[in-house]
Structure formats: structure tokens, C-alpha cells
Amino acid sequence: MPTNEQRRATAKRKLERQLERRAEKARKRRIYAIVGGSVAAVVVIAAVVATFVITNRDSDTDTASVADTTATPTTSTPAPTGLGGLPPFAAPAGLGENCQYPATAEPASKQADPPRSGKVPTDPAQISASMETNQGDIGLMLDNGKSPCTVNSFASLAQQGYFNDTVCHRLTTSDSLSVLQCGDPTGKGTGGPGYQFANEYPTNQYQPDDPKLMQPVTYPRGTLAMANAGANTNGSQFFLVYQDSQLPPNYTVFGTIDETGLATLDKIAEAGVAGGGEDGAPAQDVKVTSILLD
């Protein structure tokens, strides 16, 4: 029969085992909390990345909060520091051989005929255009050699006067997204020409399932690119990058902006966003008088 001393020793060992189990459970709870916090952080980061968009559907609800940066004024696309820059261009098979502009469910916001479909020329490689606004002129060089289907649409709309007397409805001024968005006759970020077309450079430098399509790269100062509401939903809305900006490579680059144009954009950006903030209508109204091919 166990003595009192033995019973006390047994009880002590039992208590010690209970304390050890409780300590182990507490340690695991802390680990789970840390892991859970990490997962939550990843979800938050993913949510933030998901807002790095330049949409051509509703700029009031979809904010492009992560694409502002700055670089030296240039009309080329230099490789910036930090995040990777736009990929080197390698002409994909069939470039410009079959440009298609299917109708969208939404009617055109302003009367416009779709551009000619099928094969479009890639020569000349560059086409000069002039964008006249009430804030100053913006010279453009359209990159027909890299994004011929996009340039074909933009040139067609310009020649039809589609952009005449429209406003640039959105300005972003964050540290990671610095763009002026134009091309919507409604002035609300919801309008389009009644047709859409596929992405070109830089999207076509990646395989469709490449995870790098979700990773931001730097769109350098001086870039002219298309807004969209998802892959292959380009219409009439475009944006002008006045400081290096971070975006996934899902926005077709189809030209560059000259020094005079960048000076005009800098003046618009300096006035800021109406009502403060970093994303919204420009504080100074920006009206496009015309876009003409030179």
C-alpha cells in the first residue's frame, strides 16, 4: 500500500504532466495565431495588389492605388530600378495578322465605327500624334511595331473625332501609381466604343498562365497604355504615366509621351485630385479638344 509520501510524489508528477500539456497547448495556440496573422497579412497584401488596376469600367469603385513612381522624363522606356521593368520586346508569331474588335454588351458611349479587322500593317513602326487639351498639348508617339491592333483602334477613334471634347476623368497621385486617365466620353470611367480587343505588349511576352502576369512591374514615366476591365477588354480608355508606376503587365503599352506632354501632365498632377486624396477627378478640369495623327 503506497505511503503518503509516494501518493504526494505521484500527484506531483501528474500535476507536472498537466502543466506541461497546458504549456504545449498554449505554445501551439501562439504558433497558430502567428500563422493565422501571417495568412491574414498575405490576404491583405493580395487584396492590395488586386487594387493595382487601371479599369475602363468604373474608376469610382476600382482604385489604382499602387502604381505611382517617378523617373527621368523620357520618350523611351528605360529599365527602372527597384521592381523589374517592362520585358524586352520579342515579336510574337502573327503580330498584326488578325486584329479583331468584337462588339461588347454595352453600347458605344459615343458613335463610333469599329476599326478594320484582320491584318493591319506594322510599318511604319511609329506614328506621331498630337493630343490637344485645355491644359496644354501632349505629343504622342504611337508604337505601331509593338501593338498594331491597339494603335489601329486608337488611330481609328481619333480620326472619327471620338476623343474630341471629352474629359480626362481620373488622376492618381500615389507613390506607386501616377497616371492621368482619359478616353471616356461619359467622363465617369464607364464608357467605351462598343467593341473590345485583345491585349498586346507586354502581356503577349508571357504565357497566359505565367504567374508573373500577377506581379507588378514598372511602367516608366512617359508611357502611354490602355485601361481595361480584365484580359482582352480594351476599348477607348487609356492612361498617361507621368511618374514611374507599378502595375501587373496586363495593360497594353502602345506609345510614349514627349517632353512637352510630360510638362503638361506635371502641371495637371501638381494641382492634385479634386477634394484631396490620391485618386479621383483632377482638381483642374482636363478636356481633350482633339487627338490628331501627324
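Because the structure is a prediction, the values reported are computed rather than measured.

### Some details on the pairing of strand β5 (residues 179-182)
Neither face of β5 is exposed, since Val 179 and Gln 181 on one face and Leu 180 and Cys 182 on the opposite face are all buried. Relative to β5, strand β4 (residues 170-172) runs antiparallel, the two sharing two bridges. Pairing of Arg 170 across the sheet is with Gln 181, part of β5. If you look at the hairpin formed by β4 and β5, you'll find six residues sitting between the two strands. The pairing of β5 with strand β8 (residues 238-241) spans four bridges and is antiparallel. Following the sheet pairing, Val 179 is matched in β8 by Val 241.

### Regarding the confidence of the model for the chain
The predicted coordinates should not be examined in detail at positions where pLDDT is low. Scored by pLDDT, the chain has a mean of 84; 73% of the residues are at 70 or more. Taken as a whole, residues 30-52 scores under 50 in pLDDT and shows twelve contacts with residues more than four places along the chain or in a different chain. Here residues 59-81 is a poorly scored stretch, pLDDT under 50, and it has 83 contacts once near neighbours within four places are set aside; other chains count.

### Focus on the pairing of strand β1 (residues 126-133)
Where β1 and strand β2 (residues 136-143) come together, eight bridges link them in antiparallel fashion. The partner of Ser 130 across the bridge, within β2, is Gly 139. What sits between β1 and β2 in their antiparallel hairpin is a turn of two residues. Where β1 meets strand β12 (residues 287-293), five bridges bridge the pair, whose relative direction is antiparallel. Considered in β12, the bridge of Ser 130 is made with Leu 292.

### So, the layout of surface pockets
As a volume, the second largest pocket reaches approximately 220 Å³. As for the second largest pocket, its lining consists of 16 residues, of which Asn 98, Cys 149, Ala 198, Asn 199 and Glu 200 are closest to the centre. Taken together, the residues of the lining of the second largest pocket break down into eight nonpolar, seven polar and one charged.

### Quick look at helix α3 (residues 259-271)
A rise of 1.5 Å per residue sets the reference length of α3, with its 13 residues, at 18 Å; its end C-alpha atoms lie 19 Å apart and thus fit the reference within 8%. Of all the residues in α3, the buried ones are Gly 261, Leu 262, Thr 264, Leu 265, Ile 268 and Ala 269. The arc that holds every buried residue of α3, seen down its axis, measures 160 degrees, which confines them to one face. The secondary structure elements touched by the buried residues of α3 are β1, β2, β4, β5, β8 and β10 (253-257). Looking at where α3 begins, the residue whose side-chain oxygen comes 3.3 Å from the main-chain nitrogen of Thr 260 is Asp 258. Trailing α3 by a residue or two, Gly 272 shows a phi angle of about 85 degrees, which is positive.

### Here we look at the side chain of Asp 184
Mapped onto the secondary structure, Asp 184 falls in the loop between β5 and β6 (217-219). Buried charge without a partner: Asp 184 forms no salt bridge, and the closest opposite charge is Lys 188, 8.6 Å away. A polar atom in the side chain of Asp 184 sits 3.2 Å from the backbone nitrogen of Lys 188. A polar side-chain atom of Asp 184 sits 3.1 Å from the main-chain amide nitrogen of Gly 191. With residues up to four places along the chain from it excluded, the contact list for Asp 184 reads Ser 109, Thr 166, Val 167, His 169, Gly 189, Thr 190, Gly 191, Gly 192 and Gln 237.

### Concerning the environment of Pro 121
Inspection of the secondary structure assignment puts Pro 121 in the loop between α1 (4-50) and β1. We classify Pro 121 as partly exposed; its relative accessible area is 44%. The sequence separation of Pro 121 and Gly 96 amounts to 25 residues, and the corresponding C-alpha distance is 6.6 Å. Apart from residues lying up to four places away in sequence, Pro 121 is in contact with Arg 116, Asn 144 and Pro 148.

Quick notes on the rules
Residues numbered from 1 in each chain as written. Predicted model: local features only at pLDDT ≥ 70, side-chain atom pairs only at ≥ 80, totals over all residues. Heavy atoms only, no water. Buried < 20%, exposed > 50% of the residue type's maximum accessible area, 1.4 Å probe, protein only. Helix = DSSP H or I, 4+ residues; strand = E, 2+ residues; numbered from the N terminus. Pairing = 2+ DSSP bridges. pLDDT = per-residue confidence, 0-100. Contact = heavy atoms within 4.5 Å. 1 Å grid on protein atoms, 1.4 Å probe; cavity = no way out; pocket = protein on both sides within 12 Å on 5 of 7 lines; lining within 4 Å. Points joined across faces, edges and corners; volume = space filled by probe spheres on them. Nonpolar A, V, L, I, M, F, W, Y, C, P; charged D, E, K, R; others polar. Expected span 1.5 Å × (residues − 1). Arc of directions from axis to C-beta. Polar contact = N/O pair within 3.5 Å; in protein donor to acceptor, adjacent residues only side chain to side chain. Lys, Arg positive; Asp, Glu negative; His and termini not counted. Salt bridge = Lys/Arg side-chain N within 4 Å of Asp/Glu carboxyl O.

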